[in-house]
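Working through the structure, step by step
Spelled out from the first residue to the last, the chains are:
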Amino acid sequence: MTVLPDPAKSCVLLIGAHTYAAPDLPNLPAVARNLSALRAAFTNPLVWGIPPSRCVVLDQPESSVSVLNTLHGLAARAEDTLVVYYAGHGLTKPKSADLFLALPGTQPEKWFTALCYDDVADVIRHDRKPAMRTVVIVDCCFSGRALGESMSGGTSLADETEIEGSYVLTATSATQVALSPAGERLTAFTGALVTVLTEGVDDGPELIDMDTLFRHLRIALAADGLPKPHKRSRDTAGRLALARNRCYRPPEPDPFPPGPPPVAVPDPGASQPLHGAGDRTDHLGPLAPAVRVPVPGSRVARWSRRLLVTVLVASLGTAAVYFGPGLFAGGSPSIPTAKVQAQPLWKSAVVNSGGFETFRVLGDLVVTAAPQQVVEALAADSGQVKWQTQGSLLDADRERGTLIRRANGDVALVDSASGKEVWGYAAGTPITSARLAGPLTVVLRQSDDGATPNVIGLNSATGKKEWQFDVGTGSVECSASSEAVLVVFTLAATNAANYTVSALDLKTGKTRWTRFMDHNELGSNSDICAGWRQIVSSEVFVALRGTASGGPSDAYALDLTDGSQAWNVPGAKAVDVGEATGTAYVETEAGLRAVVAKTGVWRWTFAGFSSGRGDWLTFADGALVVQGNGRIIRLDPGKGKPMWSTYIGTGGDKPEIHDGHVYVSNGDDVYSLALADGKLQWQHRGDGWMVGAGSGVDAVYVIDKTTSLVSKVGPPPPPPTVQTSTTG
């Protein structure tokens, strides 16, 4: 039986060496991208969903000892499955069948400066738990030697180095070199591996087991004239899965099975719904032959309407389509009233001056912007002011700190716990915005006359300027960042219809590419900047663009490697991205469409959905929740099938998901719904904006629309337990 390992009881170790001190070992820049791509795949809940804390990346490890120590700890920690991956140069020793894995400081003529694969196998074999399964993946030259294959063709070494209950997958045979094609983002073998994990296998099983993975890798790589992978497994390890199949569609019965022969003509005035909520219409098989034109209102007419829907959907391919008319029909029901009415847990005298954009929930603290250029931090449990400082709020993180713009225009980082200044940077010219982006603080700076705008990368720990990107003439409108890439949007000063999009290396500030676009391509700058948070796994940038005439917009993606357009969805009204799933969610006139963010491949459509607003989608804790048609709807993120729907009325704030609850506002009242089934838990009546949810506690933060005072609301605490005692 094929099983997917329990992610909470498994561990992954990703090892990569891409930059070498020895001149005889060429650098392999694709290896660094291998590591980030595999980590994104394994932690994606739609692929496997292993917690990030259990997916350890050793990028440029210093020594074999550091690698083996880390492996020792993970092997002892994993209870279900351990996955070990290496990418880099593979080395051999004369008159030996051993495989050596190059590290950054390895000298090719000194084999002992590399990591011996036998040592890796020994640690796994001796430190693993008896029931634990192991997958070892090696992407390097001569990696087939990890299978125990000697150069003479013998297999005696295999009996000594095989790991019980294990599956070893290698990029090549014992004598072949692995390839990292020039210009490719990933190495050949790992690129094919990531594609199968993240995009799935057509007509494949629900879970991609190791044997299925191996077969598809071998076929795909051989078709491109690349080295074929090799494998060796013990026991039933070949049935071990590492991923859910993103292309899997379960077999379903014919939604319109042939019925008995008609015995009477039904009432011509009767009507039947075409589809109820949640009906699937994918995999409907070949199209039926043409039928005669039916008499309106007849049984044949009603069945032909169903046939028409079937034909239309079948022509769209194998993506799933769920219909919402049955869910949204019947007008607007009454807004529910919860049995439990929330109450203020505390009310603060602090006035918020900017709503959601100037309010941050940082665990046991909330940070808010107050009038007169003051930033204050409140204790989450009591609302008491912990600290305050002069300036306006730019960005905040519990561990990295809180970014403040001082009254004189300087940027400062203060410690989020104490409010003490860590460093200050004298910008000299007005600051448009600043954000914490990985190890850097990215500052968008504008001159007084708009002639010399630039973007500055500051070291987030010290405030030291690491690089500066000069825009030239014009203005810096907005930016977006991932762990590796910063995308900057600028507007030309001489022609307000010309835009420039530039991708910068976040560490160095060097330009990867620049693309020029006109107004007809991108629409207004407000259209563009609304989507500049949408970077997916450092691969594509997703945004919404309007038209010069104000007509229908397009959702589009740019490839971050070269700036080319990866895909385009016309007629889009809104777009959002689920970073964890690698999915772009596009709202069109037809409903909500989910596409693979990297390729634009259509995954599913939830027909009839209409948000009618901006912040309408939330993905967290593996759950997808949308707000539209006056309802809060939870959808299966892999299939688009509605799981539950609760009517709350129109308007409101973006849904929040925390600790098994969905918090949402309809513009007046705030509701707490159970994430599992959508049932109403409690309600807060009032006229306020919901600006955040508490972590670890069933409560939300609200800003009163009239007074702008901050409060925390939630269900009343349970009555105290009466202690009784008996004597005997």
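Provided above is the structure to which this section pertains.
What this report covers is the structure whose coordinates are included nearby.

Criteria and thresholds
- Residues numbered from 1 in each chain as written.
- Predicted model: local features only at pLDDT ≥ 70, side-chain atom pairs only at ≥ 80, totals over all residues.
- Heavy atoms only, no water.
- Pairing = 2+ DSSP bridges.
- Helix = DSSP H or I, 4+ residues; strand = E, 2+ residues; numbered from the N terminus.
- Axes fitted to C-alpha atoms, helices over the stretch in contact; angles between N-to-C directions.
- Buried < 20%, exposed > 50% of the residue type's maximum accessible area, 1.4 Å probe, protein only.
- Salt bridge = Lys/Arg side-chain N within 4 Å of Asp/Glu carboxyl O.
- Core = buried A, V, L, I, M, F, W, Y, C linked by side-chain atoms within 4.5 Å.
- Contact = heavy atoms within 4.5 Å.
- Polar contact = N/O pair within 3.5 Å; in protein donor to acceptor, adjacent residues only side chain to side chain.
- Disulfide = S-S within 2.5 Å.
- Phe/Tyr/Trp six-rings, centres within 6.5 Å; stacked < 30°, edge-to-face > 60°.
- Expected span 1.5 Å × (residues − 1).
- Parallel < 35°, antiparallel > 145°, perpendicular 65-115°, else oblique.
- Left-handed = near helix turned anticlockwise from the far one by under 90°.
- Nonpolar A, V, L, I, M, F, W, Y, C, P; charged D, E, K, R; others polar.

Comments concerning the sheet that holds strand β24 (residues 454-459)
Within the open sheet, the four strands sit side by side as β22-β23-β24-β25. Their pairing is antiparallel. Every other strand in the sheet has two partners, leaving β22 (431-437) and β25 (465-470) as the edge strands with one partner each. Neighbouring strand axes in the sheet, compared pairwise and without regard to direction, differ in orientation by 15 degrees on average. Where β24 and β25 come together, five bridges link them in antiparallel fashion. Bridge pairing links G457 to W467 in β25.

Focus: the environment of R33
Within the secondary structure, R33 is located in helix α1 (residues 29-43). Exposure remark for R33: the relative accessible area of 31% places this residue in the partly exposed category. When the C-alpha atoms of R33 and T187 are compared, they prove to be 8.8 Å apart, with 154 residues separating the residues in sequence.

Quick word on the sheet that holds strand β14 (residues 359-362)
Here we have four strands laid out as an open sheet, ordered β14-β15-β16-β17, and antiparallel in their pairing. Edge positions in the sheet fall to β14 and β17 (385-390), since each has one partner strand and no second. The average undirected angle you get between the axes of adjacent strands in this sheet is 15 degrees. Direction of pairing for strand β16 (residues 374-379) relative to β17: antiparallel, over a ladder of five bridges. Within β17, the residue paired with V375 across the bridge is T389.

Section: the pattern of salt bridges
In total, this model carries seven salt bridges according to the counting rule given. With its nearest N and O atoms 3.9 Å apart, the salt bridge here joins K231 to D211. Taken together, the residues span a long stretch of sequence, with K231 in strand β10 (residues 230-233) and D211 in helix α6 (residues 210-223) at a distance of 20 residues. For D211, a relative accessible area of 25% translates into the label partly exposed. For R512, the salt bridge identified is with D505, shortest N-O distance 4.0 Å.

With respect to the nonpolar core
The biggest cluster of nonpolar side chains holds 76 residues, and the ones touching the most others in it are F42, L82, Y86 and L169. It is helix α5 (residues 188-199) that provides the largest number of residues to this core, a total of seven residues. With residues up to four places along the chain from it excluded, the contact list for L169 reads V136, I137, V138, F189, M210, L213, F214, L217, P229, H230 and K231.

With respect to the side chain of R515
Within the fold, R515 resides in strand β29 (residues 511-518). On the accessibility criterion, R515 (19% relative accessible area) is buried. In terms of polar contacts, R515 uses its side chain to reach the backbone carbonyl oxygen of G563, at 2.8 Å.

So, the state of the cysteines
Summed over all chains, the structure comprises zero disulfides. No disulfide involves C55; its sulfur sits 9.5 Å from that of C11, the nearest cysteine. Classification of C55 by relative accessible area gives buried; the value is 3%.

Some thoughts on the packing of aromatic side chains
A complete count under the given rule lists eight aromatic pairs for this structure. With a centroid separation of 5.8 Å and an interplanar angle of 85 degrees, the aromatic rings of F42 and W48 are classed as edge-to-face. Across the pair, exposure class does not vary: F42 and W48 are buried alike. With a centroid separation of 6.1 Å and 45 degrees between ring planes, the pair formed by Y663 and W682 is classed as tilted. In this pair, Y663 sits in strand β42 (residues 661-665) while W682 sits in strand β44 (residues 680-684), placing the two residues 19 residues apart along the sequence. In this pair, the class of Y663 matches that of W682, namely buried.

What about α5?
Owing to its 3.6 residues per turn, the α-helix brings residues three or four apart onto one side. When the terminal C-alpha atoms of α5 are compared, their 16 Å separation across 12 residues agrees well with the 16 Å that a helix rising 1.5 Å per residue should span. The buried fraction of α5 amounts to nine of the 12 residues, a majority that puts the element mostly inside the structure. For α5, the complete set of buried residues consists of A188, F189, T190, G191, A192, L193, V194, V196 and L197. One or two positions beyond α5, positive phi appears at G200, with a value near 90 degrees.

A short note on the packing of helix α2 (residues 64-77) against helix α3 (residues 117-127)
Interaxial distance between α2 and α3 falls to 9 Å at its minimum, and their mutual angle equals 25 degrees. The orientation of α2 relative to α3 falls into the category roughly parallel. Seen from above, α2 lies across α3 with right-handed handedness. Mapping the contact onto sequence places L68, L71, H72, A75 and A76 in α2 and D119, V120, V123, I124 and D127 in α3. By residue class, the composition of the contact of α2 with α3 is seven nonpolar, one polar and two charged.

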